[in-house]
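# Structural features, examined
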Amino acid sequence: MSSDSSSAPAGLKMKLCVMMFLEIFIWGAWYPLFFNYVPKFGFEGWQVQLIMNAFHISALLAIFFGNQFADRNFAAEKFLAFSLFVGGLAMIGLSFIKKPEQGPPSIWLFLLFFGLLFVHTILYVPTISITNAIAFANLRDPAKEFGVVRMWGTIGWIAAQWPFVFILLDWSKVPAMGDMGFTKWLGVALGTSRTGNDLLDATRYTFMAAGIASLLLAMFSFSLPHTPPKRTGEPLAWLEAMSYLKHPFILVLFIVTFIDAAVHQMYFRWTADFLKESVKIPGNWVTPVMSIGQVAEILTMAVLGYVLKTLGWRLTMIIGILGHAARFAVFSYFPEQTPTILIMLVHGICYAFFFATVYIFIDNFFPKDARSSAQGLFNMLILGLGPFASNLASGWLADLYALDRAPNGEPTKVEFNLLFLAPCVAAIVAALLLLVAFHPPKESKPSAEPE
């Protein structure tokens, strides 16, 4: 098979695709079910909050820990191998921790659970930017090729989730297929979930799947192209990355990324409840409906390179942000099944046209020796500070628009049509800020660095 001289060799690109598939598979295996799992484990309230924010805390700390090492001290593929090997063992350890049969978990069980989770997240979060850095360092034309490579990460996320639709079924209650047609049998089977402690216990397999995938990628990392550390420039790589905020266009992008990350988190925080309560989507179909967004993301990532060259940085990002506004507007004003399901398609636009574009933009406008830390700086917003702030805002909005409350005062039902207007307006503000204030240099070569 012939290869375009302007593109990376097919064998190298295949390795990068496998890397992305496994990297995001690890995350997708445990994260989606995690927020239903932890509150039912019996931990105290403050323990639940600490466990559920471990990933975001790690994202805040990663720039000072993982990315500094990756930029200046270790070859990227070796850092990746070490982090994923140790983090994978921690995930496998989590899969063996069971809820006590009687009484709440002891403080020692909490410390073990949180400790293993934190070891995994503090080591895993930096690898998100490290895998990006490896891809950018080895692709000949990242603006054209990164979208296709990163698309395999999205495929990995989907591949990690769908098996658990069947693994978590209560097969003892599923009728024999011969008793009815296949379509009816499938509908009955998908609605026959495990419940109670049986479901809780089976959910531990998500940690095992994530751990095994992590160990596989750790071994595979040794086959990745050598990406050496950069030892020039500011001794503290993250300080050099932050110093680029003195450029107005990068500062504006930094602020907009924070807003968009907070808006993005609001989608994951509330959509499942919204689909069940307001749109009346059956519970067993909530995950498939939300997966429509990931399928659309695959298609959008495939054309990202063409869109960037056609529309440019600013317009592409604005479209990505306005995708959030459109989705939340439909949620607020048209909470019916058909428009709600159709608007899920914009998820691909929201991710690819903004977040993936931001990663490509960083590779173009930051110096080579600080790109990994620059990726980490923006990952701090996308995975850490933005979602953390969004979680706080979600609690305030839920309290403001509560329709019903539990005996302890916690909202159990909210007025979604008003709640979703907040992220809708925030997305519009972020898009306007980009339109008015984001003016990156016009370079004949996209890899040029700001002066």
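Attention in this report is confined to the structure presented alongside it. (Residues numbered from 1 in each chain as written. Predicted model: local features only at pLDDT ≥ 70, side-chain atom pairs only at ≥ 80, totals over all residues. Heavy atoms only, no water.)

Our focus in this paragraph is the side chain of Glu-23. Turning to its location among the elements, Glu-23 is positioned in helix α1 (residues 10-37). Look at Glu-23: it is buried, it has no salt bridge, and the nearest opposite charge is Arg-150 at 8.9 Å. A distance of 2.7 Å separates the side chain of Glu-23 from the side chain of Thr-127, its partner in a polar contact. Ignoring any residue separated from it by four or fewer positions in sequence, one finds Glu-23 in contact with Leu-80, Leu-84, Tyr-124, Thr-127, Ile-128, Thr-131 and Leu-217. (Helix = DSSP H or I, 4+ residues; strand = E, 2+ residues; numbered from the N terminus. Buried < 20%, exposed > 50% of the residue type's maximum accessible area, 1.4 Å probe, protein only. Lys, Arg positive; Asp, Glu negative; His and termini not counted. Salt bridge = Lys/Arg side-chain N within 4 Å of Asp/Glu carboxyl O. Polar contact = N/O pair within 3.5 Å; in protein donor to acceptor, adjacent residues only side chain to side chain. Contact = heavy atoms within 4.5 Å.)

Further remarks concern the environment of Val-330. Summarising the element assignment, Val-330 is placed in helix α14 (residues 304-333). With relative accessibility at 14%, the residue Val-330 sits in the buried group. With sequence-adjacent residues up to four places away left out, Val-330 is seen in contact with Pro-335, Pro-339, Thr-340 and Ile-343.

It is worth spelling out the side chain of His-56 at this point. Following the sequence through the fold, His-56 ends up in helix α3 (residues 54-62). Residue His-56 is classed as buried on the basis of its relative accessible area of 2%. For His-56, the contacting residues outside a window of four places in its chain are Tyr-31, Gln-265, Leu-383, Gly-384, Pro-387 and Asn-391.

Let's shift gears to α14. With 30 residues, α14 ought to run about 44 Å at 1.5 Å a step, yet its terminal C-alpha atoms sit only 30 Å apart, falling short of that. The principal kink in α14, of about 110°, is found at Gly-312. (Expected span 1.5 Å × (residues − 1). Bend = angle between axes of the 7 residues up to and from the residue.)

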